[in-house]
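Observations on chain architecture
Spelled out from the first residue to the last, the chains are:
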Amino acid sequence: MEDSTWYSLIEKFVLTEDCFKNNDVSIIDNDGLQHYLDNKEYMIYLAQITAAIATGNTTIKIEQFEDFMNNENNQVLQLVVKEVGDDFTAHAFYNQANSGTFGIHTDPVDVFIQCLAGVKHLEVEGYEMFLGPHEIAYVPANTPHRALNKEKALVVSYGIYDTETSSSIRKND
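A brief report on the enclosed structure follows. (Residues numbered from 1 in each chain as written. Predicted model: local features only at pLDDT ≥ 70, side-chain atom pairs only at ≥ 80, totals over all residues. Heavy atoms only, no water.)

Now for the pairing of strand β7 (residues 127-131). In this structure, strand β6 (residues 120-124) lies alongside β7, joined through five bridges in antiparallel fashion. In the sheet register, Glu123 faces β7, and the bridge partner there is Glu128. What sits between the antiparallel neighbours β6 and β7 is a turn of two residues, in which Glu125 has the positive phi angle 50°. (Pairing = 2+ DSSP bridges. Helix = DSSP H or I, 4+ residues; strand = E, 2+ residues; numbered from the N terminus.)

What follows covers the nonpolar core. Ranked by internal contacts, the top residues of the largest apolar core, which has 30 residues, are Ile60, Ile62, Phe65 and Leu154. The element contributing the most residues to this core is helix α1 (residues 3-14), with five residues. The contact partners of Leu154, leaving out residues within four places of it in the chain, are Trp6, Tyr7, Ile10, Ala92, Phe93, Tyr94, Gln114, Cys115, Leu116 and Ala117. Counting 14 residues, the second largest nonpolar core, distinct from the first, contains Val109, Val124, Val139 and Ala147. (Core = buried A, V, L, I, M, F, W, Y, C linked by side-chain atoms within 4.5 Å. Buried < 20%, exposed > 50% of the residue type's maximum accessible area, 1.4 Å probe, protein only. Contact = heavy atoms within 4.5 Å.)

In structure tokens form, the structure reads like this:
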């Protein structure tokens, strides 16, 4: 799928009532802080997500993304399911160039990062790398890393054996 198609697809998805009802959606600001969007009133959520898309200076994070990515063409997801069953999480990160991102951090679980569109620059243990469409990076548990949003990109992060995400994510700190 072409980059523009992926971007259009994700923008349309986050505007749906289905996404509002079934996914935790947040933005990551330029200070690296995560802010969850309204999950009680669809119209408030719609205004918040529309503003985030329009301004382009934040990263949009969509949690519970497993179902969206679950199709027979997703070879990465097929490998994950084959190895760990359903003991994983999938989070999408959609960013414009130079938009907000988390600082250097570690995850308590192994993570696979799949680039769907654009170019995703990463720093892993102090070394910079980048992923193009269909490329994957592996980040072992407890490895310092961060995204460098130098270019527009859409990635999915698969947390292996991640069954406690809700207690380990940053909420408006």
